[in-house]
Amino acid sequence: MPSSAVRTFTDPDDYAAAIRQGTYELTVTERGDFTAKLTRIDLHRLWMQRFSDNLPRISHIAGWGGRAVIAFRTEPGPSLLSSGIEMQPTNIVRYSEAQNYYRHSSGFASYGSMSLSVAEMAAFGDALAGTDLTPPRDAVLITPLPAAMARLQRLHAAAGHLAETAPEILANPDAARGLEQALVEAMVACLADQKAHSNSLAQGQHTIIMRRFRRVLEENPEQPLYIPEICKAIRVPDRTLRQCCQEYLGTGPKHYLLLRRLHLARRALRQAQPNTTTVTETATRFGFWQLGRFAVEYQSLFGESPSATLRQLPG
Amino acid sequence: MPGSRASVFGEPEDFEEALRADGVTALLVTSREQFRARLTQISLDRLHLASVEEEVARVALVAVPANTILVSWPIGDRPAPVWGGIEMRTGEMLTLGPGNRVHARTGGSCRWDTIRLPDKELLCYGRALWGPSFFVPPAPAVWRPAPAAGRHLAQLQRAAIRMAEARSGALTNAEAARGLEQQLIYALIQCLSSGPAAQETSAGRRHRCILARFDDLLRADASLGRVEFCAELGISERLLRACCREYLRIGPNRYVRLQRMQQVHRALRSGTPGAASVSEVARRHGFRDPGRFASNYRAVYGELPSATLRRSSRGITPLSLHRPV
């Protein structure tokens, strides 16, 4: 059954949880009131999402659940990088089926994604354009002909508009089928265009390093991590890791890990009982020894003091 | 087991005992004031931190344990001990390699921090973080880290010490201890990545070893005089005097006398069965004239040797603030 939903968020964690594809992890890197909007449209076979969020952040996307996914920016704005490559409204990232990606924005970002199951993507590619559209081994950035890209953008935006203003149209199976056909056609036209420039996102060594970096993080989801142990685990000197992180995350590993620890501490404070836990205990457990500095950093990132977070009732 | 200990000392002997794991083997007070020191120690998984505040001039022989590296730096712009004749200025650091034997002297009030860790760990993390060129010389060396790196390390250590003094419970959490350790290792390697600013010269090494052996001889045989020392060490009296002046700031005669006096003092204080008679103990430690000994003794310790022997209380005992190390 076709369906659609439009939701707005003020909490990054809720936002990340609502995004369907992959395991989505989101780390906001600057202070501010977070707002995000997510439009999700499931047609019969084609699924699409439109995203917009207002704060600089780093997200990590893992696993696509057997679907062939593309994403593109829907509006120009501050830089939005996917694995170190700038996304533009004029280009499309084709993701591979089973890889992990970092995406980081330096401000307001809006973008859209579309996906079909891998088999259907291949079948449509074959039927509509006679080309093989199974997902590439490494992510690929392609620049379609402007006319084809403009048509895809237009249709994608129209679908988003419908979801907001007239969701009942999208729920109608026949209308949904019509829209789906048009969207698939526009997408295949963009992807199959032989004149498209393509550019591999796999930048050799750095991609491998970032994947290992990610693996270490994933093996210790709830645990604070520090640079020495990470460098030791992935066998890369600090300098190289810093370069890779600058490229892929837009910030150094130290800052990224600090943010991660701040977020972990916040989560722990939220789940803790105020009468059995102290801020000091939580802060030191996540590696913050200079308590004054911790309070300042925490306050500047989350807009409230750690003790205020602790006092809020869990849930 | 991670843990911490904060202590205050009124007796050099207890202070020496508390720092034994850091290689402090003989601590000799060289001025006549009442000894005062404050020590906070933190034991992590692999790192051992210590922060010291001392008030009285002293000389100590530091023998770094095998497979261990000792890193030290002054706190703020306060004077720090002079290790093996190396005077550290603000912003500088000192490393001592495994097995190094160094005399560390202070000229009065001083403040210093140390980190002790296995050399293999340091090298392993150094290579992981910095690359194969990371190197810490096996002999004493002075480092001049980038100001930001030095500050970072000092601040982290300060924060940990403060935490140990105020809220010791924070350090018994294994996760917290690991976090602290990782951050300290990172900060330490940032400091040491620039390479040493000055390394020991061959003459410096020779003099350092002469003094260490001088100390051994002094302890091994109470009857040796200046001439015998020089003969045993195979050096001239002039050189021995120069070494003592350079590293200890006092002449060999005075150093020997103070050392022996301290041995007597400790023997009397401990009240071991052999310490029955003052003159007997004094004679055993090479003092042949009991009368002169007694007056010299009083000049140093402010009481007659017989009073020390009678005193059952041990002055200020270390104030250990519960929690395990």
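Residues take numbers from 1 onward in each chain, read along the sequence in its written order. In the order they appear in the text, chains get letters beginning with A and ligands get numbers beginning with 1. In keeping with the model being predicted, local features are shown solely for residues with a pLDDT of at least 70 and side-chain atom pairs are shown and tallied solely at 80 or more, while totals for entire chains, interfaces and linings include all residues. No hydrogens and no water enter the side-chain calculation; it runs on all heavy atoms of the structure.

Chemist: An account of the domain arrangement of chain A is needed here, citing residue identities and associated values.
Modeler: All names here are of chain A. Considered domain by domain, chain A is made up of domain 1 (3-199), domain 2 (200-241) and domain 3 (251-315). Taking only C-alpha atoms into account, the centre of domain 2 sits 24 Å from that of domain 3. The contact criterion used throughout is that any non-hydrogen atoms of two residues lie within 4.5 Å. With 13 residues of domain 2 at the interface, the matching set in domain 3 holds eleven residues. The junction of domain 2 with domain 3 conceals about 950 Å² of combined surface from both sides, 66% of it contributed by carbon and sulfur atoms. When the buried surface of domain 2 facing domain 3 is broken down by residue, P224, Y226 and I227 rank first, second and third, together holding 39% of it. The working definition used for a salt bridge is a side-chain nitrogen of Lys or Arg within 4 Å of a carboxyl oxygen of Asp or Glu. Seen at the junction of domain 2 and domain 3, the total is zero salt bridges. Distance and chemistry together define a polar contact, namely a pair of N or O atoms within 3.5 Å, with one atom able to donate a hydrogen and the other to accept it when in protein, and with adjacent residues in sequence counting only for side-chain atoms on both sides. Between domain 2 and domain 3 we count four residue pairs in polar contact (both at pLDDT 80 or more) in total. Per the convention used, a helix needs a DSSP run of H or I reaching at least four residues, while a strand needs a run of E reaching at least two, with both numbered from the N terminus. The element contributing the most residues to the side of domain 2 that touches domain 3 is helix α6 (residues 205-219), with three residues. For the side of domain 2 that touches domain 3, the per-class residue count stands at nine nonpolar, two polar and two charged. All domain edges in this entry derive from an automatic or database-based domain assignment. We define buried area as the total accessible area lost by two parts upon association, computed with a 1.4 Å probe and summed across both. Polar here means any residue outside two lists: the nonpolar Ala, Val, Leu, Ile, Met, Phe, Trp, Tyr, Cys and Pro, and the charged Asp, Glu, Lys and Arg; Gly therefore counts as polar.

Chemist: Requested: an account of the pattern of salt bridges, with residues and values cited.
Modeler: All names here are of chain B. Within the structure shown, the criterion is met by 28 salt bridges over all chains. Notably, a salt bridge pairs E54 with R58, separated by 2.6 Å at the nearest N-O pair. For the pair E54 and R58, a shared accessibility class is recorded, and that class is buried. For the salt bridge of R158 with D113, the shortest nitrogen-to-oxygen distance reads 3.3 Å. To sort residues, take the accessible area from a 1.4 Å probe on protein chains only and compare it with the maximum for the residue type: under 20% means buried, over 50% means exposed, and anything in between is partly exposed.

Chemist: How would you sum up the environment of F134 of chain B? Please name residues and give values.
Modeler: All names here are of chain B. Along the polypeptide, F134 turns up in the loop between α2 (119-130) and β11 (141-143). Separated by 44 residues in sequence, F134 and R178 have C-alpha atoms that sit 23 Å apart. Excluding residues within four positions of it along the chain, F134 makes contact with L122, L123, G126, R127, I189, L192 and S193.

Chemist: Lay out the domain arrangement of chain B in plain terms, naming residues and giving numbers.
Modeler: How large an interface is tends to be reported as the accessible area lost when its parts come together. Residues and elements named next belong to chain B. In terms of domains, chain B is made up of domain 1 (3-199) and domain 2 (202-313). When each unit is reduced to the centre of its C-alpha atoms, the spacing between domain 1 and domain 2 is 28 Å. Carbon and sulfur atoms supply 48% of the area buried between domain 1 and domain 2, which totals about 1,900 Å² over both sides. Interface area lost by domain 1 to domain 2 is led by L28, R101 and H103, which between them contribute 32%. One can count three salt bridges joining domain 1 with domain 2. E16 is the partner of R266 in a salt bridge, and the nearest nitrogen-oxygen pair spans 3.1 Å. Applying the counting criterion to the domain 1 and domain 2 interface returns ten residue pairs in polar contact (both at pLDDT 80 or more). Every element with two or more residues in the side of domain 1 that touches domain 2 is listed here: α1 (12-18), β2 (24-29), β5 (58-63) and β9 (101-106). A breakdown of the residues in the side of domain 1 that touches domain 2 according to their chemical character gives nine nonpolar, five polar and six charged.

Chemist: Explain the interface of chain B and chain A residue by residue, including any values.
Modeler: Taken together, the contacts link 26 residues of chain B with 23 residues of chain A. Summed over both partners, the interface of chain B with chain A buries about 2,200 Å², with 59% contributed by carbon and sulfur atoms. Counting the surface chain B buries against chain A, the share from its top three residues, L129, R178 and Y186 of chain B, is 22%. Taken together, the links from chain B to chain A amount to one salt bridge. Between E229 of chain A and R178 of chain B there is a salt bridge, with the nearest N and O atoms lying 2.6 Å from each other. Inspection of the region where chain B meets chain A yields ten residue pairs in polar contact (both at pLDDT 80 or more). Those elements that provide at least two residues to the side of chain B that touches chain A are α2, α3 (147-166) and α4 (174-192) of chain B. Here the side of chain B that touches chain A takes ten residues from α4 of chain B, the largest share from any one element. Its residues assigned to classes, the side of chain B that touches chain A shows 15 nonpolar, eight polar and three charged.

Chemist: So, helix α8 (residues 238-249) of chain A: which residues are in play, and what are the values?
Modeler: Residue and element names in this part refer to chain A. Across its twelve residues, α8 extends 15 Å between first and last C-alpha, which sits within 8% of the 16 Å expected from 1.5 Å per residue. All of the buried residues in α8 are D238, L241, C244, C245, Y248 and L249. Down the axis of α8, the sector holding all buried residues measures 125°, keeping them to one side. Immediately beyond the C-terminal end of α8, within one or two residues, lies G250, with a positive phi of roughly 75°. Helix span, expected: 1.5 Å multiplied by one less than the number of residues in the helix. Of all possible arcs, the one meant is that of the directions from the helix axis to the C-beta atoms.

Chemist: Just give me the short version of the sheet that holds β9 of chain B, but keep the residues and values in it.
Modeler: Residues and elements named next belong to chain B. Read from one edge of the open sheet, four strands run β2-β5-β9-β7, paired in antiparallel fashion. Each having just a single partner strand, β2 and β7 (82-83) make up the two edges of the open sheet. At least two bridges found by DSSP between two strands is the condition for calling them paired. When β5 meets β9, the two strands line up antiparallel, connected through six bridges. Along β9, the bridge assignment pairs A60 with A104. Convention adopted: a line fitted to C-alpha atoms gives each axis, helices being fitted over their contacting stretch, and angles between N-to-C directions are expressed from 0 to 180 degrees. Against the sheet, helix α8 (residues 252-270) makes contact with β2, β5 and β9, and its axis sits at roughly 100° relative to β2, the strand it touches most.

Chemist: Help me get a handle on the pairing of strand β10 (residues 110-118) of chain B, residues and values and all.
Modeler: Each regular strand carries side chains that alternate between the two faces of the sheet. Residue and element names in this part refer to chain B. The buried fraction of β10 amounts to eight of the nine residues, a majority that puts the element mostly inside the structure. Where strand β4 (residues 48-54) meets β10, seven bridges bridge the pair, whose relative direction is antiparallel. Residue pairing in the sheet places A50 in a bridge with T114 of β10. Here strand β6 (residues 68-74) runs beside β10; their pairing, made up of seven bridges, is antiparallel. The residue of β10 that forms the bridge with L70 is R116.

Chemist: How would you sum up unusual backbone geometry? Please name residues and give values.
Modeler: For N67 of chain B, which is not glycine, the phi dihedral falls at a positive 60°. Mapped onto the fold, N67 of chain B is located in the loop between β5 and β6.

Chemist: Explain the sheet that holds β10 of chain B to me, and be specific about the residues and the numbers.
Modeler: Residue and element names in this part refer to chain B. Read across the sheet, eight strands follow the order β1-β3-β4-β10-β6-β8-β11-β12 without closing on themselves; strand pairing throughout is antiparallel. In this open sheet, the two strands that pair with only one neighbour each are β1 (3-9) and β12 (198-199). By the bridge criterion, three bridges tie strand β8 (residues 93-96) to β11 in an arrangement that is antiparallel. Across the sheet, residue M93 finds its bridge partner in β11, namely W143. Sitting on the sheet, α3 is in contact with β1, β3 (37-43), β4, β6, β8 and β10, with an inclination near 100° to β3. Across the sheet, α4 lies against β4, β6, β8, β10 and β11, angled at about 100° from β8, the strand it touches most.

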